[in-house]
Amino acid sequence: MPEQRYLEAIRDALYEEMARDERVVILGEDVGPKGGVFGVTEGLYAAFGEARVLDTPLAESCIVGVSIGMAANGLIPVPEIQFADFIHPAFDQLVSEAARMRYRSNNDFGCPITVRVPYGGGVHGALYHSQSVEAFYAHVPGLKVVAPSTPADAKGLLKAAIRDPDPVLYLEHKKLYRLVRGDVPQGDHLVPIGPAEIRRPGRDLSIFAYGLMLQEALQAAELLSREGVEAEVVDVRTLRPLDTATLLESVARTNRALIVHEDNRFGGFGAELAATIAEEGFRFLDAPPTRVCGPDVPGVPYSPPLEEWFMVNAEKIASAARRLVAY
Amino acid sequence: MSAKDARAVRARDEVTPASLGLGEAQLLDMYYYLRLARAVDERMWALQRSGKAAFVISCQGHEGAQVGTLYAIDREKDWLVPFYRSIAAVLVKGMPPVEIFLMQLGKATDPSSGGRQMPGHYGHSRHKILSTSSPVATQTLHAAGIAYAAKLRGTGEVCVTELGEGATSEGDFHEALNFAGIHRLPVIFLVENNGYAISVPQSKQMAVPAVAVRAAGYGMAGVTVDGSHVLRVYAAARDAVERARRGEGPTLLEVMVPRLTAHSSDDRQEKYRSPEDIARSRERDPVAVFTAELSAWGVLSEERRQEIDARIRREVDAATELAEAAPLPDPATATRYVYAEGPGS
């Protein structure tokens, strides 16, 4: 099993799915000869041609709206939104159209599109190249939302998303592209959309995270372990549909829940996790479900000390965990 | 792409059945659909006024634009991406009147949505009519995507999408025409310009005299046609379909139509339209205009007209009865099809 970077795993998934099924097309800004601003689609234009790897006009609603039409007429589009920060013009197409196509037509039409969305901070991207957008879309019935944290999941979840009959928002963390390496099973490696994964077993508290924050949570668990605190780290990885059972089973073992994301705290995805754990797992709890999140300012500020202040990291997670265990 | 691609296409004002190669049977078929659409529409209002339906959004005045355009496509092979006034269009595309009434009454067997959507949101995969939403102009991007897929897959399909002139102010309209122009897609953007977006007149919607002049900005053909004359629409639409099939790209087809009713059953147009304006619209009624033309051409005798109208009445009555007798949806089904359901689930 070769070791790969997160970015390479995504590219392999795209390549394999395009080679497997000629209905799969990629469209987005700079995805063609340039291979994307991050290089994710590098080589695909040469391999599959400009009709299947389209450089689109600089218009996000167009990218998603055209994908919906392509899907209605027999293609399997994998649109790329260059940065999550620029997805907002496509909100209407995602929420009013893609998410509702199946429900509003009583199953007459579906919308098999996978929207790849590079997201997240810690990359000196400031307010408009660092956002996390999962809370907006995980709120919407009809959409599926995934956020892989490892190269193997990046590949397996993307392949599963492309084969899924419904619209999937695939959130890939920009900082993970070249940060993490890991073993990636070659060939038809699929990770089903839905199940969460326990990355590290523990007895003293459960840490729930996804994307880059999962990597930070693993480092925090390592720090805590040296102090004799054993944290269980659960990779949520599919935000919708949510694997409530795995979350509750973990809390039943550890009796404490620490929820981590880099998106703003207020109304963030962690609020849903906390509410679900409180409502359905109250009897297991020895302490309040607790969140470690990005602060409630309108964006990640640019200058290094400001960005560092914003970003959740292993230290911040570990200190919240210490307080929770001491509760 | 050269500047010559950005072109205004002159509408043909003088069209005759002979110049279009239309025989008596086709002319009478067009009359049937114009009249049927009007009768279905009038029945929708009757159902609303008798308290059986909550809402009506009307096609009255738009029939010439829709029948003329839909008559020019291959109704089996080509796509329709409709909007809320597409009653005549979906009838020509193959939906029978009962399916429109089933939606009007929110019935479980409504093929457009199973009673989930408000009236006017047509869709039907078997007839290649894409499901519709309420935000305006979003569908123009779907039409461009359908046309791109048709081109990539080499299916030879053409896609027609309909919208009002108000929807041309939305960003999605620009994005769709831009994309379709770049890729020279086989799509027709049928703008049914009735002069009002609910209450807002065209003069407050755009600074240009006609939507079609914007086609130049997208490198596509643009044409404005008088929608009171179904054959003029047909002629322009046929040209557009031929261009699309030849690989010459999209057409912005603007059809000037009268709005013969209020925006919807929730609107009172007397608040913003003068009595003279409303009366002038009546004189532009495409159904009345075509009836008079057919009569003048000796195609439609009074006897034949009565015969067709009586047949339509019977069909509309029978369809209404069927729809009224159909079951309402069971709330237990309301959680289905948020996502695809796998076998056995």
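Residues numbered from 1 in each chain as written. Chains lettered and ligands numbered in written order. Predicted model: local features only at pLDDT ≥ 70, side-chain atom pairs only at ≥ 80, totals over all residues.

**Student:** Any details on the overall build of chain B? Residues and values, ideally.
**Tutor:** Looking only at helices and strands, chain B has 11 helices and seven strands in total. In terms of overall size, chain B behaves like a compact globule, its C-alpha atoms giving a radius of gyration of 20 Å where 345 residues would be expected to give roughly 20 Å. With the C-alpha coordinates aligned to their principal axes, the bounding extent of chain B is approximately 55 × 55 × 40 Å. Burial status across chain B gives 53% buried among its 345 residues. (Helix = DSSP H or I, 4+ residues; strand = E, 2+ residues; numbered from the N terminus. Rg over C-alpha atoms; globule rule 2.2 N^0.38 Å. Buried ≥ 20, exposed ≤ 12 C-beta atoms within 10 Å, placed from the backbone.)

**Student:** Requested: an account of the overall build of chain A, with residues and values cited.
**Tutor:** What chain A contains, in helices and strands, is 13 helices and 14 strands. Referenced to the eigenvectors of the C-alpha coordinate spread, the extents of chain A come out at roughly 60 × 45 × 40 Å.

**Student:** Can you tell me about the sheet that holds strand β2 (residues 159-164) of chain B, naming the residues and giving the values?
**Tutor:** Within a sheet, adjacent strands bond to each other through the backbone by hydrogen bonds, running parallel or antiparallel. Residues and elements named next belong to chain B. If you trace the five strands from one edge of the open sheet to the other, you get β1-β2-β3-β7-β6, paired in parallel fashion. Of all strands in the sheet, those with a lone pairing partner are β1 (79-81) and β6 (221-226), marking the two edges. Averaged over all adjacent pairs, the angle separating strand axes in this sheet is 20°, with direction ignored. Looking at chain direction, β1 and β2 are connected through three bridges and run parallel. Residue pairing for β2: Val81 is matched across the bridge by Thr161. The strands touched by helix α6 (residues 138-153) within the sheet are β1, β2 and β3 (187-193), with β2 carrying the most contacts at an inclination of about 170°. (Pairing = 2+ DSSP bridges. Axes fitted to C-alpha atoms, helices over the stretch in contact; angles between N-to-C directions. Contact = placed C-beta atoms within 7 Å.)

**Student:** Report on the interface of chain A and chain B, specifying residues and quantitative values.
**Tutor:** Chain A puts 34 residues into the contact, and the matching count from chain B is 33 residues. When residues of the side of chain A that touches chain B are traced back to their parent elements, those giving at least two are α3 (60-72), α4 (91-98) and α5 (101-104) of chain A.

**Student:** For the nonpolar core, give the residues involved together with the corresponding values.
**Tutor:** Ile207(A), Ala217(A), Val260(A), Ala321(A), Ala144(B) and Leu253(B) are the most contacted members of the largest nonpolar core, which totals 203 residues. Taken domain by domain, the makeup of this core includes at least three residues from each of domain 1 (3-183) and domain 2 (197-326) of chain A. Apart from residues lying up to four places away in sequence, Ala321(A) is in contact with Leu205(A), Ile207(A), Ala220(A), Leu224(A), Val229(A), Ala231(A) and Leu258(A). (Core = buried A, V, L, I, M, F, W, Y, C linked by C-beta atoms within 7 Å. Domains from an automatic or database assignment.)

**Student:** Account for the domain arrangement of chain A, with residues named and values stated.
**Tutor:** Residue and element names in this part refer to chain A. According to the domain assignment, chain A consists of domain 1 (3-183) and domain 2 (197-326). Here the C-alpha centre of domain 2 lies 26 Å away from the C-alpha centre of domain 1. Contact residues are listed per partner, giving 27 residues for domain 1 and 25 residues for domain 2. Residue assignment for the side of domain 1 that touches domain 2 shows that the elements contributing at least two residues are α6 (134-138), β6 (144-146), α7 (151-162) and β7 (168-173).

**Student:** Break down helix α10 (residues 244-254) of chain A for me, with residues and values.
**Tutor:** Residue and element names in this part refer to chain A. Of all the residues in α10, the buried ones are Leu247, Ser250, Val251 and Thr254. In an axial view of α10, the angular spread of the buried residues amounts to 100°, which keeps them on one side of the axis. The elements touched by buried residues of α10 are β9 (197-200), β10 (205-209), β11 (231-235), β13 (257-264) and α11 (269-281). (Arc of directions from axis to C-beta.)

**Student:** Please give an account of the environment of Asp239(B) that cites residues and values.
**Tutor:** With respect to the helices and strands, the residue Asp239(B) is situated in helix α8 (residues 230-245). Residues Asp239(B) and Asp226(B), spaced 13 residues apart in sequence, show a C-alpha to C-alpha distance of 15 Å.

**Student:** Outline the packing of helix α9 (residues 212-226) of chain A against helix α13 (residues 314-326) of chain A, supporting the account with residue identities and numerical values.
**Tutor:** Residue and element names in this part refer to chain A. For the pair α9 and α13, interaxial distance at closest approach is 8 Å and the crossing angle is 55°. Comparing their axes, α13 and α9 come out oblique. Judged by the sense of rotation from one axis to the other, the crossing of α9 with α13 is right-handed. Together, Glu216, Ala217, Gln219, Ala220, Leu223 and Leu224 of α9 and Ala314, Ile317, Ala318 and Ala321 of α13 make up the contact between the two elements. (Parallel < 35°, antiparallel > 145°, perpendicular 65-115°, else oblique. Left-handed = near helix turned anticlockwise from the far one by under 90°.)

**Student:** Go over helix α10 (residues 286-296) of chain B, please, and point to the residues and values.
**Tutor:** Residue and element names in this part refer to chain B. Within α10 the residues assigned to the buried category are Pro286, Val287, Phe290 and Leu294. Seen from one end, α10 has its buried residues packed into an arc of 95°, which puts them on one side. The exposed residues of α10 that point more than 90 degrees off its buried face are Ala292 and Ala296. Contact partners of the buried residues in α10: α2 (24-49), α3 (63-70) and α8. At the exit of α10 stands Gly298, carrying a positive phi of roughly 75°.

**Student:** Tell me about the packing of α2(B) against α3(B), residues and numbers included.
**Tutor:** Residue and element names in this part refer to chain B. Their axes nearest at 10 Å, the elements α2 and α3 cross at an angle of 140°. Comparing their axes, α3 and α2 come out oblique. Like other packed secondary-structure pairs, α2 and α3 cross with a definite hand, here right-handed. Side by side, α2 and α3 meet where Met30, Tyr33, Leu34, Ala37 and Arg38 of the first sit next to Glu63, Gly64 and Val67 of the second.

**Student:** Describe in detail the sheet that holds β10(A), supporting the description with residues and values.
**Tutor:** Residue and element names in this part refer to chain A. In spatial order, the strands read β9-β11-β10-β13-β14; together these five strands make up an open sheet with mixed pairing. Each of the sheet's edge strands pairs with one partner strand only, and the pair in question is β9 and β14 (290-294). Averaged over all pairs of adjacent strands, the angle between strand axes in this sheet comes to 25°, irrespective of strand direction. Strand direction decides the pairing type here: β13 and β14, joined by four bridges, are parallel. Each bridged residue has a counterpart across the sheet, and for Val260 the counterpart in β14 is Val292. The strands touched by α11 within the sheet are β10, β13 and β14, with β13 carrying the most contacts at an inclination of about 160°.

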